[in-house]
Number of protein chains: 2
Amino acid sequence: MRGSTKIRDVAKAAGVAVGTVSRVLNGHPTVTEPIRRKVQAAIDAMGYERDTIAQSMRGGATRLVACAIRDFDIPRFATFIKEAEHLLREQGYTLLLSSTTNRPEVELDLLRAFARRKVDGVMMTISDEAHPGVLEALAAAPMPVLLIDRDRIDTADRVTADHSAGAARATRHLLALGHRRIALLVGDTKAFPARSRVQGFAEAFDAAGLAPDPALLRDRVLTAEDTFRETMALMRLTPPPTAIFVATMDLLEGSLRALRALGCRVGEDVSLIAGSDSDLAELYTPPVTAVAWDLAEMGRHAATMLLERMRGQAPAGFRCLKLPTRLVIRESCRPPGSAVPQ
Amino acid sequence: MRGSTKIRDVAKAAGVAVGTVSRVLNGHPTVTEPIRRKVQAAIDAMGYERDTIAQSMRGGATRLVACAIRDFDIPRFATFIKEAEHLLREQGYTLLLSSTTNRPEVELDLLRAFARRKVDGVMMTISDEAHPGVLEALAAAPMPVLLIDRDRIDTADRVTADHSAGAARATRHLLALGHRRIALLVGDTKAFPARSRVQGFAEAFDAAGLAPDPALLRDRVLTAEDTFRETMALMRLTPPPTAIFVATMDLLEGSLRALRALGCRVGEDVSLIAGSDSDLAELYTPPVTAVAWDLAEMGRHAATMLLERMRGQAPAGFRCLKLPTRLVIRESCRPPGSAVPQ
């Protein structure tokens, strides 16, 4: 086999065992610096690429990383997946995606199935960061697990975005325009994103010496049907909110449909901010202001952290990376009462 | 275990072996009709649900179905996946999604990995329906494989949509409005959808006694960057096309960005039809006419056909199901020369 020949050539040229070359390529902690340099010099001298050697080592056996997220239907999340997959594939790993349907029992089933099928690593979301069974399963998992956008569990590496700061920024933007009756739609506060969005929203009100109307806070909003229904219900209140912050991942569509059905003009009759950016937010008329963060970067970090962990190159303690969010201001927010009578 | 007790109870009540109950539940072809009726009567008499018994039989072992598609980033396709997953999960199967990046070598790697990990069944797209290596791997696969939206390979069950009829309908709509310079953007004609869209487009021109301008046909359009670039290039031709048929899955976004960048008004300066429906097509201003088909139904049929095959309940020959497409007429198409001078 071409692969084994390559690694044997390198071992011979460097005057070390094949296993030592393998340990160098895997960044094994027991390899001393002089040995590492000797092997690297042999690889360089032979004109090989480090990755090609590493791949040949595996002799064609595909390694698997499983990724489990709440719902397949989160287009924006594809950016994360694609970037993570790209990085993992370069290193000889295949990424398999599955959906948890946001239920702990499915999360537990999947963790068991992944362990039994000996997948090499897992990236996942979990629906409830305080669920005892899931916590136990994560701590006992035989393979490294990286948590996506969850921050509480310290038995795993985590990548997150600063949703709290994003929500605070969005809320301050609306407050500065004069809005007081601001509705907030969020997902399940048992998980980090919704919990921190509620927190950022409350903090912005608090910093302004104001208090939000609790009747305008709607949580457990998880599908476009939910945003549709809650937006309908909110706009039928007397008085209705003057602004809606759809602080979810990719569910803006439901609110837009509801406002359209009610004949409410975005920006004129009601201001609108999306909790995550999307093609729809950008290309809608008027374009919709949105909280944004770099999902490609998040995917890159997730893959890198998991690769380090799978290869035993990660530090002993578990890491939590928080990426910044920003507010992309477009044309969907105006001072309340901007409606021009038609 | 509760599970095994149940199945033993049923076997005892029916006066048959436990294995016979199992074969009945799996729809094994060697089970005679009288035996099948006897076991079913016992299940009914004991007030059990057939699915509960079937599940208990598996003793908690998760069965896996792998699904491999071109790209994770096809939001509309999530409808297919979710529906298939729902049906499979009810039957005790977990669906794992992976991406082929539309390359035969990745398709081959995945087929090998799925076989080695003993997944129970596979649904996939393939990039080239005439690739000898892939054809061989499909014919030799140890597990049932169902092909998604591919029609040529008769060693597997297939679910497809009638893209040819959809493209013909879209083209006739534009021809009837008076368009002659109609641009067509399609994917890779090595696979069924693009091939049949080109065919439907040509047939509609032919039936009208007209011929399309070959300079306006752009294939291998696979990403939103491709639709952006090709739309830019087309609109810079002298004269530019009066209509663009973006006959791809979910890549409308790139064309809309290009037209916006060029200051071309959809419906006025150029008519536009999307090859697949989307929230963006529906909610854009003006709403975009689109070819549509029922992806949930497609997912249901795919899961059902694969389940039958995995359980040995399918007919000997391989099936090809073709679902109808339709044209959803919105406001993005007008007769050429409709532009109102600004």
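Residues numbered from 1 in each chain as written. Chains lettered and ligands numbered in written order. Predicted model: local features only at pLDDT ≥ 70, side-chain atom pairs only at ≥ 80, totals over all residues. Heavy atoms only, no water.

- Going by what an unreviewed UniProt entry lists, chain A is known as LacI family transcriptional regulator and is assigned to Humitalea rosea.

## Let's talk about the overall build of chain A
Right, on to step 1. Looking only at helices and strands, chain A has 13 helices and 12 strands in total.
Right, on to step 2. If one aligns the C-alpha atoms of chain A with their principal axes, the spans along those axes are about 85 × 40 × 35 Å.
Right, on to step 3. Taken across its 342 residues, chain A has 55% of its residues classed as buried.
Right, on to step 4. For chain A, the proportion of contacts with a sequence separation of at least 24, taken over those separated by at least 6, is 73%.
Right, on to step 5. Roughly 14,200 Å² of accessible area belongs to chain A as shown, and the carbon and sulfur atoms make up 52% of that amount.
Right, on to step 6. Side chains of chain A give 45 positive and 41 negative charges; the mean places of these two sets differ by 5 Å. (Helix = DSSP H or I, 4+ residues; strand = E, 2+ residues; numbered from the N terminus. Buried < 20%, exposed > 50% of the residue type's maximum accessible area, 1.4 Å probe, protein only. Contact = heavy atoms within 4.5 Å. Areas by Shrake-Rupley, 256 points an atom, 1.4 Å probe, with all protein chains shown as cover. Lys, Arg positive; Asp, Glu negative; His and termini not counted. Charge placed at Lys NZ, Arg CZ, Asp CG, Glu CD.)

## Digging into the sheet that holds strand β9 (residues 271-274) of chain B
All names here are of chain B.
Right, on to step 1. Pairing in this open sheet of six strands is mixed, and the strands run β7-β6-β8-β9-β10-β12 from one edge to the other. In this open sheet, the two edge strands, each paired with only one partner strand, are β7 (217-218) and β12 (326-328).
Right, on to step 2. In this sheet, β7 lies alongside strand β6 (residues 182-185) in parallel orientation, the contact comprising two bridges. Bridge assignment links L185 to a residue of β7, and that residue is R218. (Pairing = 2+ DSSP bridges.)

## A closer look at the interface of chain A and chain B
Right, on to step 1. Each side of the interface is counted separately: chain A has 44 residues, and chain B has 43 residues.
Right, on to step 2. Counting each side, the surface lost to burial between chain A and chain B is near 3,400 Å², with a carbon and sulfur contribution of 53%.
Right, on to step 3. On the chain A side of the contact with chain B, F72, R117 and L283 of chain A bury the most area, a combined 22% of that side's loss.
Right, on to step 4. One can count six salt bridges joining chain A with chain B. (Buried area = accessible area lost by both parts, 1.4 Å probe. Salt bridge = Lys/Arg side-chain N within 4 Å of Asp/Glu carboxyl O.)

## Section: the packing of aromatic side chains
All names here are of chain A.
Right, on to step 1. Applying the stated criterion to the full structure yields four aromatic pairs over all chains.
Right, on to step 2. Ring centres 4.7 Å apart and planes at 20 degrees place the aromatic pair F77 and F80 in the stacked group. A residue pair is termed a helical-turn pair when its members lie 3 or 4 positions apart in one helix, as F77 and F80 do in helix α5 (residues 77-90) at three residues.
Right, on to step 3. Of the residues examined, F77 reaches a relative accessible area of 8% and is grouped as buried. (Phe/Tyr/Trp six-rings, centres within 6.5 Å; stacked < 30°, edge-to-face > 60°.)

## Considerations on the pairing of strand β3 (residues 121-124) of chain A
Residues and elements named next belong to chain A.
Right, on to step 1. Side chains G121 and M123 project from β3 onto one buried face, and the interleaved V122 and M124 project onto a second face that is buried too.
Right, on to step 2. Judged from the four bridges that link them, strand β1 (residues 63-69) and β3 form a sheet pairing that is parallel. Bridged to C67 within β3 is M123.
Right, on to step 3. Sheet topology places β3 next to strand β4 (residues 145-148); three bridges connect them, and they run parallel. Residue pairing for β4: M124 is matched across the bridge by L147.

## Some words on the pairing of strand β10 (residues 289-292) of chain A
All names here are of chain A.
Right, on to step 1. Burial of β10 is two-sided: the residues T289 and V291 facing one way and the residues A290 and A292 facing the other way are all buried.
Right, on to step 2. Here strand β9 (residues 271-274) pairs with β10 via two bridges, running parallel. Directly across from A274, in β10, lies its bridge partner A290.
Right, on to step 3. Examined bridge by bridge, β10 and strand β12 (residues 326-328) share three bridges and lie antiparallel to one another. Along β12, the bridge assignment pairs A292 with R326.

## Here's the deal with the side chain of S276 of chain B
Residue and element names in this part refer to chain B.
Right, on to step 1. As for its placement among the helices and strands, S276 is situated in the loop between β9 and α12 (279-283).
Right, on to step 2. With a relative accessible area of 4%, S276 lands in the buried category.
Right, on to step 3. Only 2.9 Å separates the side chain of S276 from the backbone nitrogen of D250, close enough to count as a polar contact.
Right, on to step 4. Those residues in contact with S276 that lie beyond four places of it in its chain are T248, M249, D250, A290, V291 and W293. (Polar contact = N/O pair within 3.5 Å; in protein donor to acceptor, adjacent residues only side chain to side chain.)

## Notes on the packing of helix α6 (residues 104-116) of chain A against helix α7 (residues 132-140) of chain A
Residues and elements named next belong to chain A.
Right, on to step 1. Two numbers describe how α6 lies on α7: the axes approach to 9 Å, and their chain directions differ by 20 degrees. Judged by the inter-axis angle, α6 sits roughly parallel to α7. As for how α6 packs across α7, the hand of that crossing is left-handed. Contacts between α6 and α7 pair P104, E107, L108 and L111 from the former with G133, V134, A137 and L138 from the latter.
Right, on to step 2. Here the contact of α6 with α7 is built from residues that sort into six nonpolar, one polar and one charged. (Axes fitted to C-alpha atoms, helices over the stretch in contact; angles between N-to-C directions. Parallel < 35°, antiparallel > 145°, perpendicular 65-115°, else oblique. Left-handed = near helix turned anticlockwise from the far one by under 90°. Nonpolar A, V, L, I, M, F, W, Y, C, P; charged D, E, K, R; others polar.)

## Remarks on helix α10 (residues 224-235) of chain A
Along an α-helix, residues three or four apart share an orientation, since each turn contains 3.6 residues.
Right, on to step 1. Here α10 of chain A is 12 residues long and its end C-alpha atoms lie 16 Å apart, about the 16 Å a rise of 1.5 Å per residue gives.
Right, on to step 2. Of the positions making up α10 of chain A, those classed as buried are A224, D226, T227, E230, T231, M232, L234 and M235 of chain A. (Expected span 1.5 Å × (residues − 1).)

## Considering the environment of V246 of chain A
All names here are of chain A.
Right, on to step 1. Tracing the sequence through the fold places V246 in strand β8 (residues 243-246).
Right, on to step 2. Of the residues examined, V246 reaches a relative accessible area of 1% and is grouped as buried.
Right, on to step 3. Measuring from C-alpha to C-alpha, the distance between V246 and V186 comes to 6.9 Å, with 60 residues separating the pair along the chain.
Right, on to step 4. Discounting chain neighbours no more than four positions away, the residues touching V246 are L185, T227, L251, L252, S255, L272, I273, A274 and G275.

## Notes on the domain arrangement of chain A
Residues and elements named next belong to chain A.
Right, on to step 1. Split by domain assignment, chain A resolves into domain 1 (2-57), domain 2 (63-161 + 295-325) and domain 3 (163-293).
Right, on to step 2. Distance between the C-alpha centres of domain 2 and domain 3: 28 Å.
Right, on to step 3. Contact with domain 2, which involves 20 residues of that partner, is made by 18 residues of domain 3.
Right, on to step 4. A buried area of about 1,700 Å², summed over both sides, lies between domain 2 and domain 3, and 49% of it is on carbon and sulfur atoms.
Right, on to step 5. Connecting domain 2 to domain 3 are two salt bridges.
Right, on to step 6. With its nearest N and O atoms 3.1 Å apart, the salt bridge here joins R195 to E129.
Right, on to step 7. Counted by class, the side of domain 2 that touches domain 3 contains eight nonpolar, four polar and eight charged residues. (Domains from an automatic or database assignment.)

## Side note on the sheet that holds β12 of chain A
Picture the strands of a sheet paired through backbone hydrogen bonds; they go either parallel or antiparallel.
Residues and elements named next belong to chain A.
Right, on to step 1. Pairing within the open sheet is mixed, and its six strands lie in the order β7-β6-β8-β9-β10-β12. Edge positions in the open sheet fall to β7 (217-218) and β12, since each of these has one partner strand only.
Right, on to step 2. Packing against the sheet, α10 makes contact with β6 (182-185), β7 and β8, and its axis sits at approximately 160 degrees to β6.

## Here's the deal with the nonpolar core
Right, on to step 1. Among the nonpolar cores identified, the biggest contains 98 residues, and F80 and M123 of chain A together with F80 and M123 of chain B are the most heavily contacted of them.
Right, on to step 2. Excluding its chain neighbours within four sequence positions, the residues that come into contact with M123 of chain B are V65, A66, C67, A68, F80, A84, L88, L146, I148, A302, A303 and L306 of chain B.
Right, on to step 3. Counting 46 residues, the second-largest nonpolar core is a separate cluster that includes V246 and L252 of chain A together with A183 and V221 of chain B. (Core = buried A, V, L, I, M, F, W, Y, C linked by side-chain atoms within 4.5 Å.)

## With respect to the relation of the copies chain A and chain B
Right, on to step 1. It takes a turn of 180 degrees to lay chain A on chain B, together with a shift of 0.1 Å along the axis; the resulting RMSD is 0.2 Å. Given the turn and translation reported, the copies of this chain are related as if by a two-fold rotation axis.
Right, on to step 2. Here 98% of the interface residues in chain A have copies in chain B that are interface residues too; the copies meet face to matching face. (Least-squares fit on C-alpha atoms with pLDDT ≥ 70 in both.)

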